[in-house]
Amino acid sequence: MNNQNVLNELRSILPSAELKINEPLNAHTYTRMGGCADVLVFPNTLEDARAAVEYAYQSNYPLTILGKGSNVIIQDGGIRGIVLNLSSLKAIQKEEEKVIAQAGARIIDASEFARDSKLSGLEFACGIPGSVGGAVYMNAGAYGGEIADCLESVLAVTKEGKLVKLTADELDLSYRHSNVEENGLLVLEATFKLKVGEYEDIKAIMDDLTEKRETKQPLEYPSCGSVFKRPPGLFAGKLIQDSQLQGTRIGGAEVSKKHAGFIVNIDNATATDYLDVIHHVQQTVKEKFDVDLEREVRVIGEPPEKP
Ligand code: FAD
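First, a word on scope: everything that follows refers to the structure included in this document.

Parameters and conventions
- Residues numbered from 1 in each chain as written.
- Predicted model: local features only at pLDDT ≥ 70, side-chain atom pairs only at ≥ 80, totals over all residues.
- Heavy atoms only, no water.
- Phe/Tyr/Trp six-rings, centres within 6.5 Å; stacked < 30°, edge-to-face > 60°.
- Buried < 20%, exposed > 50% of the residue type's maximum accessible area, 1.4 Å probe, protein only.
- Near = heavy atom within 4 Å.
- Polar contact = N/O pair within 3.5 Å; in protein donor to acceptor, adjacent residues only side chain to side chain.
- Areas by Shrake-Rupley, 256 points an atom, 1.4 Å probe, with all protein chains shown as cover.
- Helix = DSSP H or I, 4+ residues; strand = E, 2+ residues; numbered from the N terminus.
- Pairing = 2+ DSSP bridges.
- Axes fitted to C-alpha atoms, helices over the stretch in contact; angles between N-to-C directions.
- Contact = heavy atoms within 4.5 Å.

Centre-to-centre distance and the angle between the planes together describe a pair of aromatic rings. Applying the stated rule across the entire model yields one aromatic pair. Their ring planes at 55° and their centres at 6.0 Å tell us that Tyr55 and Tyr61 sit as a pair that is tilted. Judged by relative accessible area, Tyr55 falls into the buried class, the value being 8%.

As structure tokens, this is what we get:
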């Protein structure tokens, strides 16, 4: 793929989109890590997002969707092909008891919008730093709530570039999983079915959850949140803590001293540093407790070239 040619072609198909080539992705991720995207596209309309998917499909170029980058580790060799980022598509609106949010909006903003509209059901999401699209993809959840509890439907684009409306049931949502990727979908918009509530009650729940988060999580550093899924009947953080791994550091990545389930980027960590810490934690926990820790965070892109 010739990056400059692709840029020129995309410029004629998507005149209003922001386009970049060889763009470092550490500037576009919550983790502050990741190599360069060959071509990075920021569509300004839903139609441009659809057309970008269609173009990638017809041209046979690999396509990667990047949300806020709060649950992915982009490897240091970067991402080949086209990377689509929907962060300009962030409108949120209310329709009766529903909140309809474009996929690039922060799920935190959707949660606050629902509170301000006196609608209850998205309180759990008030501290999750991802996008609406990423939250649907991951079936994100916290403190007893998850996207599956309140998602009614999504507007999405198939890998061929066709618009489809899907119900939440059709997304097969389960613990930190949906079928968005296996079905090659780009989520464009999500409709949340909520319940009328009192502003003060909704706010009180959100304030309480925010305080819990701020006390327990190392929010002062970039990270991708809880790195590992909960093993059945156990807590990943507890196993890591009991393995005396807190404070273990490789390069700029460290097992958080505040929350053992987090690995924080304390000093310009590379993705390689981060992955090395993950590997070390998995090995140590396996040796000590015979438990396999499964990554929740996704790893995408190419490893760095060998010198
Ligand atoms: P990204 O990390 O950018 O991408 C994740 C996956 O979603 C990728 O495979 C990407 O291709 C796909 N994707 C993104 N957008 C779309 C789209 N529009 N269409 C199709 N696919 C898409 N998670 C929780 O569940 N609960 C928590 O309490 C929580 N707390 C966190 C706290 C911190 C401090 C951090 C850093 C992370 C936390 N997370 C939590 C993890 C993360 O925020 C969520 O998983 C979030 O939903 C990821 O959204 P994102 O936009 O950052 O997705």
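There's more to say after this.
Turning our eyes to something else, we now look at the site of the ligand. The environment of the ligand is formed by 36 residues, the closest being Ile65, Ser70, Ser131, Gly141 and Arg298. Taking Gly69, its main chain carries an N or O atom lying 2.8 Å from an oxygen atom of the ligand. Here a nitrogen atom of the ligand and a backbone polar atom of Gly141 are 2.6 Å apart. When the ligand sits alone it has 970 Å² of accessible area, and the protein chains cover 95% of it. Of all the secondary-structure elements, those providing two or more residues to the shell around the ligand are β3 (63–66), α4 (132–138), β9 (141–142), β13 (186–193) and β15 (223–226). Top contributing element to the shell around the ligand by residue count: α4, with five residues.

If you trace the five strands from one edge of the open sheet to the other, you get β6-β7-β13-β11-β12, paired in antiparallel fashion. Each having just a single partner strand, β6 (92–95) and β12 (163–167) make up the two edges of the open sheet. In this sheet, neighbouring strand axes are inclined to one another by 20° on average, regardless of whether the strands run parallel or antiparallel. The sheet strands contacting helix α2 (residues 46–59) are β7 (98–102), β11 (151–157), β12 and β13, and the helix crosses β13 at an angle near 135°. Where helix α3 (residues 107–116) meets the sheet, its contacts fall on β6, β7 and β13, and the angle it forms with β6 comes to roughly 35°.

Structurally, Asn3 can be placed in helix α1 (residues 3–13). Judged by relative accessible area, Asn3 falls into the buried class, the value being 14%. If sequence neighbours within four positions are ignored, Asn3 has contacts with Ile21, Asn22, Asp38 and Val39.

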